[in-house]
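Structure at a glance
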Amino acid sequence: MKLSDYVIDCLKQQGVSHVFEFIGGAIVHLLDSVSFRDDMECVSVRHEQAGAFAAEAYARMNGKLGVAMATSGPGALNLLTGIGSCFFDSVPCLFITGQVNTYEYKFDRPVRQIGFQETDIVSVAEPLTKYAVMVTDPAQIRFELEKAVYLAQNGRPGPVLLDIPMNIQRAQIEPGNLVSFFDSEEYKDLSEDSEITDSTIVDVINMLGEAKRPLILAGGGVRASNSTEQLAQFIEKTGMPIVSSLMGLDVISHEHPLYSGLIGSYGNRYSNLILANCDLLVILGSRLDSRQTGTRPDTFGRAAKKIHVDIDYNELNSKVEATLAVKANLNDFLTRINSELTGFNKPDITDWLKSIKRLKNLYPTYSFYPEENEIEPNRFMELLSSKSGHFGAICLDVGQHQMWASQSFKLSQSQRLLNSGGMGAMGFAVPAAIGATLATGDEALVIAGDGGFQLNIQELDTIVRLNLPVKIVVMNNSSLGMVRQFQDLYFEGRQQSTVNPNPSFIDIVSAYTIPAFQMNSMIDLQQLENFLNTEGPAFIEVILEKKTEVHPKLVVNRPIEDMYPYLDREELKKIMLIDLVDEMDIPT
């Protein structure tokens, strides 16, 4: 059997039906092996980075392995941003790169290159993967494939990379004689340690029973561990309100009466106030990065006891000290705790829930208060979400629009929100929508900015060629608004490199034969209706003022409850149930 055929067989056994790729000479054998099959499809994108993002979204939507392939040299290197995105956001993807023949590879020889496009992608990708290896012996292909896929999907999920030279791809093998990773001592040593002891469960239940102002903080680990159903049971059994990080926004319907918004640097003001006032914080699958805690993690949830559950031991107590840190698979933890909560007497938190409702009503999220028919981004996101219940995935790019949507787009129970979290990569949304749509068959909605949209604009061709039901909203304020807002705040308004003229997006999109619409004010609502009612792909440009900003925003040296624009100190003091922290000088 040809080795490349064996690789594709193994991918199919993992439930993979789409391989995202941009062809090159070093992966022709692998893609030719796909061409013989009617149960797997090559999705030819127009840039390898887009293929990586599409594979990431594919894996996030269907819970299976995402796969992207690229040729040696520039193709492999173009995957790196997507590989890093999977690494930081814990997404199980297999990246396969072609490589020059082993007899053309330099190995330890002190030269820069021997074969054409030869590049040591393994060494480059190692810091961004759970496992990266070049396969130099055909007899090892089963072992390396099984090991890579196992590591991608188990423990804290993440990307893996196999670099397969061309002469290895075309080698003939006998599958029955191949050694299995699952028979190795290495596999037996990889069992996950867990700290879900009986005493841990007792401690958790006691802390839940004693809390007067409890709160759940849900992170990306809820989705990564497929724990949304268990989380729903936990909320039902405890009656606890819940806030989320950016990566945890889609773990619960936003119509749920206990859902209390997004926390963090660009979170909802009321959500940050809720977290600041809680006396018990149950942190589920969140690494508590600085975009959540702000630059003063010592003040984060300072009045609360903290239970922090995460699969990665290194994330526990690394930024915020927990009262109880539990290293465990979140699905296992929630399943265990739910079984022990049968008959749990919920504490009376009526006053706490009333306080939460009051904060939501006092501090709705606005970027500014509009006059007449101005398009105010947060209200636009609420309007858009009210008309978008049929979309399976909402794919956000990176920038101001991402925060407006994360603050104000109301998700239904079944909808997924795909963000580029840790990497924060502009150009993510359009390729992610391609992967999401192919994974589920559902329509996908892209929300992008005028800057990020142009980074992978070539994938409009992929959408049209495959006739994918992808709708694209571009919020156009003619600037790289997130950095421009940063410059306005800290650099006296010097807008170096952030304000540049745009091309006509309507003309470009029309050249790809995609129906295009434009909104200049709220008077143009019919344009939005026409856009949403168009069959197949469609595009709408939403024109904003160049000065449009994201509010509220947390600035440096402030606790998360003290967001800009600042509340009057007496007002803040009145709504806080705990003492205010001392103000510090803000560096210039």
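Just above sits the structure.
Quick look at the structure, then.

1. Description of the sheet that holds strand E8 (residues 242-244)
- The strand order across the open sheet built from six strands is E9-E8-E7-E10-E11-E12, with neighbouring strands paired in parallel fashion. Strands at the two margins of the open sheet, each flanked by one partner only, are strand E9 (259-262) and strand E12 (324-327). Neighbour to neighbour, the strand axes of the sheet diverge by 15 degrees on average, direction disregarded.
- Here strand E7 (residues 214-218) pairs with E8 via three bridges, running parallel. Bridge pairing links isoleucine 216 to isoleucine 242 in E8.

2. Brief notes about the packing of helix H17 (residues 377-386) against helix H23 (residues 525-533)
- Where H17 meets H23, the axes come as close as 12 Å, and the angle between the chain directions of the two elements is 40 degrees. As the angle between them shows, H17 and H23 are arranged oblique. For the pair H17 and H23, the crossing hand works out as right-handed. Of the residues in H23, those touching H17 at Phe380, Leu383 and Leu384 are Leu525, Leu528 and Leu532.
- A class-by-class count of the residues in the contact of H17 with H23 yields six nonpolar, no polar and no charged.

3. A look at the environment of isoleucine 173
- Following the sequence through the fold, isoleucine 173 ends up in the loop between helix H8 (166-169) and helix H9 (185-188).
- In this structure the C-alpha to C-alpha distance between isoleucine 173 and methionine 69, which are 104 residues apart in sequence, comes to 22 Å.
- The contacts of isoleucine 173, once residues within four sequence positions are left out, are Met1, Leu3, Tyr6, Pro138, Ile141 and Leu178.

4. Focus: the side chain of lysine 553
- When you line up the elements, lysine 553 lands in the loop between strand E18 (538-543) and helix H24 (569-575).
- Despite its burial, lysine 553 remains without a salt bridge, the nearest opposite charge being carried by glutamate 549 at 9.6 Å.
- Non-local contacts of lysine 553, meaning those with residues more than four positions away in its chain, are made with Ser265, Tyr266, Gln485, Leu489, Met563 and Tyr564.

5. What about the pairing of E7?
- Of all the five residues making up E7, five are buried; the element is thus mostly covered by neighbouring parts of the structure.
- Residue alternation in E7 divides its side chains into two sets, Pro214, Ile216 and Ala218 and Leu215 and Leu217, and both sets are buried.
- For E7 and strand E10 (residues 280-284), the ladder comprises five bridges, and the chain directions are parallel. In the strand pairing of E10, leucine 215 is matched with leucine 281.

6. With respect to the pattern of salt bridges
- Counting across every chain of the model gives 25 salt bridges.
- Here lysine 305 ties to glutamate 210 by a salt bridge, and the two come within 3.8 Å at their closest N and O atoms. With lysine 305 in strand E11 (residues 305-310) and glutamate 210 in helix H10 (residues 198-210), this pair connects stretches of sequence that are 95 residues apart.
- A relative accessible area of 41% places lysine 305 in the partly exposed class.
- Overall, the relative accessible area of 53% leaves glutamate 210 in the exposed class.
- Across the pair arginine 569 and aspartate 562 runs a salt bridge whose closest N-O atoms are separated by 2.8 Å.
- Aspartate 562 gets classed as buried once you look at its relative accessible area, which sits at 3%.
- Taken together, the shared-partner salt bridges connect Arg156, Asp312, Glu315 and Lys319 into one network.

Criteria and cut-off values
Residues numbered from 1 in each chain as written. Predicted model: local features only at pLDDT ≥ 70, side-chain atom pairs only at ≥ 80, totals over all residues. Heavy atoms only, no water. Pairing = 2+ DSSP bridges. Helix = DSSP H or I, 4+ residues; strand = E, 2+ residues; numbered from the N terminus. Axes fitted to C-alpha atoms, helices over the stretch in contact; angles between N-to-C directions. Parallel < 35°, antiparallel > 145°, perpendicular 65-115°, else oblique. Left-handed = near helix turned anticlockwise from the far one by under 90°. Contact = heavy atoms within 4.5 Å. Nonpolar A, V, L, I, M, F, W, Y, C, P; charged D, E, K, R; others polar. Buried < 20%, exposed > 50% of the residue type's maximum accessible area, 1.4 Å probe, protein only. Lys, Arg positive; Asp, Glu negative; His and termini not counted. Salt bridge = Lys/Arg side-chain N within 4 Å of Asp/Glu carboxyl O.

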